[in-house]
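What follows is each chain in one-letter form.
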Amino acid sequence: MGFHEYWAEIKNSIEQLSQLTDEYWRNYSYFNDWQFWVVFLLFIIPLFILIKYVD
């Protein structure tokens with residue numbers, strides 16, 4: 001296998017990994033899932049409390 005074949009194989013693997021990452025995001029970490037909002041609120045609420053009590 002030559003240099004160009006290896007490079008093409010690496011490029012195909014990177015594209016496949018990108019597609020799998022996007023698919024995972026759409027299936028398990030999208031904005032319309034309740035788990036996303038729970039994690040988001042667990043981050044935002046303490047941040048607001050911190051800002052309120054630091055001032």
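Use the structure listed above.
The shown structure was predicted, so the numbers you read here are calculated from the model rather than taken from an experiment. Numbering of residues starts from 1 in every chain and runs along the sequence as written. The model is predicted, so local features are restricted to residues of pLDDT at least 70 and side-chain atom pairs to those at 80 or more, both for listing and for counting; the totals for chains, interfaces and linings are taken over all residues. Derived side-chain values reflect all non-hydrogen atoms in the structure, with water molecules and hydrogen atoms excluded from consideration.

**Overview of the overall build of the protein**
At step 1: Where helices and strands are cited, they refer to DSSP runs of H or I of at least four residues and of E of at least two residues respectively, numbered from the N terminus. Along its length, the protein carries 2 helices and 0 strands.
At step 2: Its C-alpha atoms give the protein a radius of gyration of 20 Å, clearly above 10 Å, the size a compact globule of 55 residues would have.
At step 3: By its C-alpha atoms, the protein is 65 × 25 × 10 Å across when sized along the principal axes.
At step 4: Per-residue and other accessible areas were derived by the Shrake-Rupley procedure at a 1.4 Å probe size, with only the shown protein chains allowed to occlude residues. Counting every atom, the protein has about 5,600 Å² of accessible surface; 67% of that belongs to carbon and sulfur. Only C-alpha atoms enter the radius of gyration; for comparison, a globular chain is expected to reach 2.2 Å times N to the power 0.38, where N is the number of residues.

**Description of the environment of Pro46**
At step 1: Here Pro46 lies in helix α2 (residues 34–54).
At step 2: Distance from Pro46 to Gln19, taken between C-alpha atoms, is 34 Å for residues 27 residues apart in sequence.

**Remarks on the environment of Asn12**
At step 1: Tracing the chain through its elements places Asn12 in helix α1 (residues 3–28).
At step 2: Taking C-alpha positions, Asn12 is 31 Å from Asp33, a pair spaced 21 residues apart along the chain.

**Structural notes on the packing of aromatic side chains**
To describe a pair of aromatic rings, you give the distance between the ring centres and the angle between the ring planes.
At step 1: Each Phe, Tyr or Trp ring, with Trp reduced to its six-membered ring, pairs with another whose centre is within 6.5 Å; inter-plane angles below 30 degrees give stacked pairs, above 60 give edge-to-face pairs, and intermediate values give tilted ones. Scanning the entire structure with this criterion turns up 6 aromatic pairs.
At step 2: Pairing Trp25 with Phe31 gives two aromatic rings, centres 6.0 Å apart and planes at 85 degrees, and the pair type is edge-to-face.
At step 3: Residue Trp25 is classed as partly exposed on the basis of its relative accessible area of 37%.
At step 4: In textbook terms, an aromatic cluster arises when at least three aromatic residues are bridged by ring pairs, as seen for Trp25, Phe31, Phe36, Trp37 and Phe40. Burial classes: relative accessible area under 20% of the type maximum marks a residue as buried, over 50% as exposed, and values in between as partly exposed (1.4 Å probe, protein chains only).

**A closer look at a nonpolar patch on the surface**
At step 1: Together, Trp25, Tyr30, Phe31, Trp37, Phe40, Leu41, Ile45, Ile49 and Tyr53 give the surface a local cluster of nonpolar side chains, amounting to about 950 Å² of exposed area.
At step 2: For the nonpolar patch, the element with the most residues is α2, which contributes 6 residues.
At step 3: Owing to a relative accessible area of 46%, Ile45 belongs among the partly exposed residues under this scheme. Each patch is assembled from residues with relative accessible area greater than 30% and no salt bridge, linking like charges that lie within 9 Å and nonpolar side chains (Val, Leu, Ile, Met, Phe, Trp, Tyr) that lie within 5 Å. When a carboxyl oxygen of Asp or Glu is within 4 Å of a side-chain nitrogen of Lys or Arg, the pair counts as a salt bridge.

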